[in-house]
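Report on the structure
Okay, here's what each chain looks like letter by letter:
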Amino acid sequence: MKKVPDLSELTLDFHNGQLFMRWQEADLPDNARLRVWRSREKITVDNLAGAELLADMLNPGSARDWWRDPASFVVPRDETLKSEEIFAGNVADTGTSPQLAKGWVLKDDAPPISPAGGLHVHTPESGGTFYYAVSWHSGEAEKAEFLLTADEPVTVAPGKAEIIRIAGNTGRSGTAGLPMIVYLHGREGGSA
């Protein structure tokens, strides 16, 4: 029996000035790329062209925290891949065992999310109530192979994104201790 590629279980959680969108992925092909959308109306296949595109060309498995996964840095030489495809972790020579792969931490001291699905974090520049959706496409094709839409809208507001403490002491007392390490991933792929 042929497996059918699927997206399911879209969840939306707005906190600390950011919208955290999570979904489950199953059997997506290697060339699948995901797009994230929003609209003031519920998003359907018929009105998708009028929705605002928030993110394009996401690789499957975006909930996987590649920074804490050693296999993300074992990359073969391949002149056909763009750097964003290499560092998204989809070309590691040897796969990471499920025990080593970790998901991102989305709230202070919370456990990591499952690395098996997708994640997009949106920092809204304007407020309002919106519907959100995720679609997958074959490579750069315009036509969506599948569209997963949130059943209910979410109200968002611009705000200051806050640092998420992965684990340990709060470090907010100003006492001496170990240095704090901060990973920032900007819109242009840079870090500081």
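Here is a short report on the structure shown in this document. Bear in mind the structure is a predicted one, so any value in this text is a computation, not a measurement. (Residues numbered from 1 in each chain as written. Predicted model: local features only at pLDDT ≥ 70, side-chain atom pairs only at ≥ 80, totals over all residues. Heavy atoms only, no water.)

Things to note about the overall build of the protein chain
Scanning the protein chain from N- to C-terminus turns up 1 helix and 8 strands. Seen in sequence order, the protein chain has helices and strands lined up from the N terminus as β-β-β-β-α-β-β-β-β. When each of the 192 residues of the protein chain is scored for burial, the buried share is 34%. Within the protein chain, residue pairs in contact and separated by at least 24 positions form 66% of the contacts whose partners lie at least 6 positions apart. Of the roughly 12,100 Å² that the protein chain leaves accessible, carbon and sulfur atoms contribute 54%. (Helix = DSSP H or I, 4+ residues; strand = E, 2+ residues; numbered from the N terminus. Buried < 20%, exposed > 50% of the residue type's maximum accessible area, 1.4 Å probe, protein only. Contact = heavy atoms within 4.5 Å. Areas by Shrake-Rupley, 256 points an atom, 1.4 Å probe, with all protein chains shown as cover.)

Remarks on the sheet that holds strand β2 (residues 18-26)
Read across the sheet, 3 strands follow the order β1-β2-β5 without closing on themselves; strand pairing throughout is antiparallel. Strand pairing shows two members of the sheet lacking a second neighbour, β1 (6-15) and β5 (118-122), which therefore form its edges. When the angles between neighbouring strand axes are averaged without regard to direction, this sheet yields 15 degrees. Where β2 and β5 come together, 5 bridges link them in antiparallel fashion. (Pairing = 2+ DSSP bridges. Axes fitted to C-alpha atoms, helices over the stretch in contact; angles between N-to-C directions.)

Some points on the packing of aromatic side chains
According to the stated counting rule, one finds 1 aromatic pair in the structure shown. When the centroid spacing of 6.4 Å and the interplanar angle of 70 degrees are considered together, the rings of F130 and Y132 count as edge-to-face. We classify F130 as buried; its relative accessible area is 5%. Take Y132: its relative accessible area is 0%, and that puts it in the buried class. (Phe/Tyr/Trp six-rings, centres within 6.5 Å; stacked < 30°, edge-to-face > 60°.)

Some words on the side chain of S135
Mapping S135 onto the fold places it in strand β6 (residues 128-138). A distance of 2.7 Å separates polar atoms of two side chains, one belonging to S135 and the other to H137. (Polar contact = N/O pair within 3.5 Å; in protein donor to acceptor, adjacent residues only side chain to side chain.)

Some points on the pairing of β2
The pairing of β1 with β2 spans 8 bridges and is classified as antiparallel. Each bridged residue has a counterpart across the sheet, and for F14 the counterpart in β2 is L19. Linking β1 back to β2 in an antiparallel pair, the connection comprises 2 residues, with N16 at a positive phi of about 50 degrees.

Some points on the nonpolar core
Formed by 19 residues in total, the largest nonpolar core has its most connected members in L7, L10, M21, W23, L34, Y132 and V134. For this core, the secondary structure elements donating two or more residues are β1, β2, β3 (32-39), β4 (52-58), β6 and β8 (154-156). No other element matches the 4 residues that β6 contributes to this core. In this structure, W37, A51, Y131 and A133 belong to the second largest nonpolar core, which totals 7 residues. (Core = buried A, V, L, I, M, F, W, Y, C linked by side-chain atoms within 4.5 Å.)

Some points on the pattern of salt bridges
Counting across every chain of the model gives 4 salt bridges. Residue R35 is joined to D56 by a salt bridge in which the shortest nitrogen-to-oxygen separation is 2.7 Å. With a gap of 21 residues between them, R35 in strand β3 and D56 in strand β4 connect regions that are remote in the sequence. The class of R35 is buried, set by a relative accessible area of 6%. Its relative accessible area of 38% is what places D56 among the partly exposed residues. (Salt bridge = Lys/Arg side-chain N within 4 Å of Asp/Glu carboxyl O.)

Structural notes on unusual backbone geometry
Not every positive phi belongs to a glycine, and D27 is a case in point at roughly 60 degrees. Here D27 is to be found in the loop between β2 and β3. With a relative accessible area of 43%, D27 lands in the partly exposed category. The residue D109 is not glycine, and still its phi comes out positive at about 55 degrees.

Note that all results are geometric; they support no functional claim without further evidence.
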